[in-house]
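Here is what each chain is made of, one letter per residue.
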Amino acid sequence: MQRLYDFLRRHPTGVDAFWALTLLGFSALWVAGTATHLLVAAVVVLLLCLVVALRRRAPREMLVLAVAVGLAQLVLDVEINPADFAMLVIIYTVAAHDGPRWASRLALTAGVAAAPLAQVRWPMRETSTAAAVFGTVVMTVPFVLAWVLGDSMRTRRAYLAQLEERAARLEREREAQAKVAVAAERARIARELHDVVAHNVSVMVVQADGAAYVLDAAPDQARQALETISSTGRQALAEMRRLLGILRTGEHQEAGEYVPQPDVQQIEDLVEQVRTAGLPVDFKVVGTPRRLPRGVELTAYRIVQEALTNTRKHGGPDVGASVRLTYFDDGLGLLVEDDGRGAAHEMYEDGGADGRGHGLIGMRERVGMVGGTLDAGPRPGGGFRISALLPLKQA
């Protein structure tokens, strides 16, 4: 049954032609039995059946043809016959079709005028005026209902098409938003990996060089350096596991497998780790420490980490640094300075050979995500300064 239904939907003109032939058969019996002008009536019937056969291929043209044939019936005195059912069919078809409004109005006008004109041309004998009027109204109702039904179908199809278009648009927007979210998450993870790898590997390299330098002269210092390398490597591995865990979906995270995101409280531990690696750092906190938004805490930690990593990599020999955290009423201020070759850092602003430019870009992106401001550049007298203000209420 479903196959038959699908076949009929794929061949609408064939279905219409079938009903046109059926209508032609009934009308031929009428023409043979009652028609006065046989040839004229036959032509009228054929044309009206053609209207039914081609109603979906050319609805406007068939409407005009049906109206013209109806007027010819009135003029040539071809009485009402079964083929006039084509007028009902074409009125419904034009009203349901997404065509120009003039065609729909013409169909309604023709339907309303058909019964009164037929009553005037072929008045009912031996009936009162009231009965004639009532009969005319009754005969008009089917035409009006056909137009109303067709117009309702057209409106419903337009509404469904609008819903489908809206659903498709929302789906496209959802896919676009998902792609943007994925890109943002990848950029965030890339920044995290940069911070983890750049800082920890830098510490490990410095400690490894120091251990190699004092291996024979001071074995205890070499052992301490190796322990620092080991602990730093484990910390880097733990953070990288956490970041890689973000990329895995649907996997159970075992307790203790991933370390939490670093915060402001861990900046002191970071400074101590840098000091152990051989970089003297002066650390000071101004104001009353308090709980900060999670994004501000992570941003502050990563900025200090990146700044100290760059100092160790680019500051030159005997470089020193200072870190200041200032708690304001409405924000957290960060100031990281070094006394190394600050002017040389300008080459990295747009990306240098070692990629430090990406570090500055990452800092600005982090600060921008929490609605803060960042200023980075050479210090007067040498060295480099990074200053940031992070609002406590994120935008």
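Summarised in this report is the structure supplied together with it. (Residues numbered from 1 in each chain as written. Predicted model: local features only at pLDDT ≥ 70, side-chain atom pairs only at ≥ 80, totals over all residues. Heavy atoms only, no water.)

**What to know about the overall build of the chain**
Line of reasoning, step 1. Looking only at helices and strands, the chain has eleven helices and five strands in total.
Line of reasoning, step 2. Buried residues in the chain amount to 38% of all 395 residues.
Line of reasoning, step 3. Sequence-distant contacts, at least 24 apart, represent 72% of the contacts inside the chain between residues at least 6 apart.
Line of reasoning, step 4. With the model as given, the accessible surface of the chain reaches about 22900 Å², and the carbon-plus-sulfur share is 61%. (Helix = DSSP H or I, 4+ residues; strand = E, 2+ residues; numbered from the N terminus. Buried < 20%, exposed > 50% of the residue type's maximum accessible area, 1.4 Å probe, protein only. Contact = heavy atoms within 4.5 Å. Areas by Shrake-Rupley, 256 points an atom, 1.4 Å probe, with all protein chains shown as cover.)

**Concerning the sheet that holds strand β2 (residues 321–327)**
Line of reasoning, step 1. The mixed open sheet is built from five strands, whose spatial order is β1-β2-β3-β5-β4. A single partner strand is all that each edge strand has here, and the edge strands are β1 (281–286) and β4 (373–378). Along the sheet, successive strands turn relative to each other by an average axial angle of 10°, direction set aside.
Line of reasoning, step 2. Bridge count between strand β3 (residues 331–338) and strand β5 (residues 384–391): eight bridges; the pairing is antiparallel. Looking across to β5, one finds that Asp338 is bridged to Phe384.
Line of reasoning, step 3. Here helix α9 (residues 267–276) sits on the sheet in contact with β1 and β2, set at roughly 165° to β1.
Line of reasoning, step 4. On the sheet, helix α10 (residues 294–314) packs against β1, β2, β3 and β5 and is oriented at approximately 5° with respect to β3. (Pairing = 2+ DSSP bridges. Axes fitted to C-alpha atoms, helices over the stretch in contact; angles between N-to-C directions.)

**Focus: empty space enclosed by the protein**
Line of reasoning, step 1. Counted by the stated rule, this structure contains two cavities of 30 Å³ or more.
Line of reasoning, step 2. Estimates place the volume of the largest cavity at around 50 Å³.
Line of reasoning, step 3. Of all the secondary structure elements, the ones that give two or more residues to the lining of the largest cavity are α4 (59–76) and α6 (101–121).
Line of reasoning, step 4. In the lining of the largest cavity, the residues fall into four nonpolar, three polar and two charged. (1 Å grid on protein atoms, 1.4 Å probe; cavity = no way out; pocket = protein on both sides within 12 Å on 5 of 7 lines; lining within 4 Å. Points joined across faces, edges and corners; volume = space filled by probe spheres on them. Nonpolar A, V, L, I, M, F, W, Y, C, P; charged D, E, K, R; others polar.)

**Considerations on the nonpolar core**
Line of reasoning, step 1. Core analysis: the biggest nonpolar cluster contains 34 residues, and Leu308, Leu334 and Ile386 have the highest contact counts within it.
Line of reasoning, step 2. By residue number, the principal contributor to this core is α10, which donates seven residues.
Line of reasoning, step 3. What Leu334 contacts, discounting residues up to four positions off in sequence, is Ala300, Ile303, Val304, Arg324, Leu325, Ile386, Ser387, Ala388 and Leu390. (Core = buried A, V, L, I, M, F, W, Y, C linked by side-chain atoms within 4.5 Å.)

**Structural notes on the pairing of β4**
Line of reasoning, step 1. Examined bridge by bridge, β4 and β5 share six bridges and lie antiparallel to one another. Within β5, the residue paired with Ala376 across the bridge is Ile386.

**Some points on the packing of helix α3 (residues 38–53) against α4**
Line of reasoning, step 1. One way to put it is that α3 packs onto α4 with a least axis distance of 9 Å and a crossing angle of 160°. Judged on the interaxial angle alone, α4 and α3 are roughly antiparallel. Judged by the twist between their axes, the crossing of α3 over α4 is left-handed. Between α3, through Val40, Val44, Leu47, Leu48, Leu50 and Val51, and α4, the contact on the second element is made entirely by Met62, Leu65, Ala66, Val69, Gln73 and Leu76. (Parallel < 35°, antiparallel > 145°, perpendicular 65-115°, else oblique. Left-handed = near helix turned anticlockwise from the far one by under 90°.)

**Describing the layout of surface pockets**
Line of reasoning, step 1. Here the largest pocket is characterised by a volume of approximately 700 Å³.
Line of reasoning, step 2. Elements with a minimum of two residues in the lining of the largest pocket: α4, α5 (85–96), α6 and α7 (129–214).
Line of reasoning, step 3. Broken down by element, the residue count for the lining of the largest pocket peaks at seven residues, all from α6.
Line of reasoning, step 4. Class assignment of the residues belonging to the lining of the largest pocket gives a composition of 21 nonpolar, six polar and two charged.
Line of reasoning, step 5. At the level of elements, α5 and α7 are the ones that each hand at least two residues to the lining of the second largest pocket.
Line of reasoning, step 6. Broken down by element, the residue count for the lining of the second largest pocket peaks at three residues, all from α5.

**Remarks on the pairing of β2**
Strand residues, when the strand is regular, have side chains that alternate between the two faces of the sheet.
Line of reasoning, step 1. Burial of β2 is extensive: six of the seven residues sit out of reach of the surface.
Line of reasoning, step 2. Pairing analysis gives six bridges linking β1 to β2, with the strands arranged parallel. Across the sheet, Asp282 pairs through a bridge with Ser322, a residue of β2.
Line of reasoning, step 3. Bridge count for β2 against β3 is seven bridges, and the pairing is antiparallel. Paired with Arg324 across the strands is Leu335, a residue of β3.
Line of reasoning, step 4. Once β2 ends, the chain turns through three residues before running back antiparallel as β3.

**Some details on a nonpolar patch on the surface**
Line of reasoning, step 1. Together, Met1, Leu4, Phe7 and Leu8 make up an exposed nonpolar region whose accessible area comes to about 460 Å².
Line of reasoning, step 2. Tracing the sequence through the fold places Leu8 in helix α1 (residues 2–10).
Line of reasoning, step 3. Residue classification places Leu8 among the partly exposed residues on the basis of a relative accessible area of 38%. (Patch = residues over 30% accessible without salt bridge, like charges linked within 9 Å, V, L, I, M, F, W, Y side chains within 5 Å. Salt bridge = Lys/Arg side-chain N within 4 Å of Asp/Glu carboxyl O.)

**Quick word on the packing of α5 against α6**
How two helices pack is summed up by the angle between their axes together with the distance between the axes.
Line of reasoning, step 1. Between α5 and α6, the least distance of the axes is 8 Å, while the angle of their chain directions is 155°. In terms of axis orientation, α5 runs roughly antiparallel to α6. Note on packing geometry: the crossing formed by α5 with α6 is left-handed. From α5, Ile91, Val94 and Ala95 reach across to α6, where they touch Ala103, Ser104, Ala107 and Gly111.

**What about the environment of Leu145?**
Line of reasoning, step 1. Secondary-structure assignment places Leu145 in helix α7.
Line of reasoning, step 2. On the basis of relative accessible area, Leu145 is assigned to the exposed category, the value being 54%.
Line of reasoning, step 3. It is 9.8 Å that separates the C-alpha atoms of Leu145 and Leu108, two residues lying 37 residues apart in sequence.

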